[in-house]
Amino acid sequence: MLNFLRKTRLKEMKGKYLKYAIGEIVLVVMGILIALSISNYNERRKDRAFEHDILAEINQNLALDSTSLSMILDDFLKAQTAFVKIENTTNEVIINDSLKWWLGDVIQFDRFRPISSAFEVLKSKNLGIITNRTLRLDITTYYDNHVNWIAQSLGDVEKSFNNDWVPELKTSFVDMKFKSYVTPRSPKAWLSDEKNIVLLDLHKDNRNGAINPMREALQLISKIRKTINTELNR
């Protein structure tokens, strides 16, 4: 009888201990899950704060890029207008008076230095922090693709200036002010030389190749900045 009672009490003790142990395990697991949930919440909050700050910086960087590109594009469009005037003008008086100003718009180059500091910080952190996938893709496309296309196009124009125009400037021109005027020794004679007409055509083609990449980049910048402003005001 005593053995039976002992066994019964032992079973009851084991049952109570098992329940207690299970309860302790449940409490520990719940504590871990709550801690993880709090940690994840804090991380998400930090990521959102970082996303907000980095988007604001990218927006500022793109505003500066937009201003620079717009100025460069304006130079290129002025050059294209000058090409048309040079090609279509035969009046000797106008040539003698205006050719140096038209050539000043044509015989020059521009350099584009994108402001990418915020994007580099974003890449080092994690691009996935930008929750808007379309915005993330647009930002990456601008910095990884459009910036390179523009750099290559403007580089072709600068290369043409150094290789083609600098030797010509040393022999056929008497005065120049960069992005203002370039004065030939004899305007009519210079314009009558077929070699120079070919040189102008080549330079015009190089410039044409840079205009569309700049326009597309400016359109993408505008799109990105509108989306960023929407995200920042949410």
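As shown above, the structure is provided for reference.
Now for a look at the structure at hand. The structure presented is a predicted model; accordingly, all values stated were derived computationally and were not measured.

## Digging into the overall build of the protein chain
Then step 1. Within the protein chain one finds six helices and two strands.
Then step 2. Walking the protein chain from its N terminus toward its C terminus, one meets helices and strands in the order α-α-α-α-β-β-α-α.
Then step 3. The buried share of the protein chain, taken over its 234 residues, is 35%.
Then step 4. Put simply, 82% of the contacts in the protein chain that link residues at least 6 apart link residues at least 24 apart.

## What about the pairing of strand β1 (residues 173-177)?
Then step 1. Relative to strand β2 (residues 181-184), β1 runs antiparallel, the two being bridged by four bridges. Note on β2: the bridge partner recorded for M176 is V182.
Then step 2. Counted along the chain from β1 to the antiparallel partner β2, the turn is three residues long, and its residue K179 has a positive phi close to 65°.

## Section: the nonpolar core
Then step 1. In terms of nonpolar packing, the biggest core is built from 52 residues, with I58, L69, L103, I107 and Y142 touching the most fellow members.
Then step 2. Contributing elements (two or more residues each) for this core: α1 (2-88), α2 (92-106), α3 (117-125), α4 (133-172), α5 (187-192) and α6 (194-232).
Then step 3. In terms of residue count, the dominant contributor to this core is α1 (13 residues).
Then step 4. Setting aside residues up to four positions removed in sequence, Y142 forms contacts with L62, D65, L69, F112, V147, A217, L220, I221 and I224.

How each quantity is defined
Residues numbered from 1 in each chain as written. Predicted model: local features only at pLDDT ≥ 70, side-chain atom pairs only at ≥ 80, totals over all residues. Heavy atoms only, no water. Helix = DSSP H or I, 4+ residues; strand = E, 2+ residues; numbered from the N terminus. Buried < 20%, exposed > 50% of the residue type's maximum accessible area, 1.4 Å probe, protein only. Contact = heavy atoms within 4.5 Å. Pairing = 2+ DSSP bridges. Core = buried A, V, L, I, M, F, W, Y, C linked by side-chain atoms within 4.5 Å.

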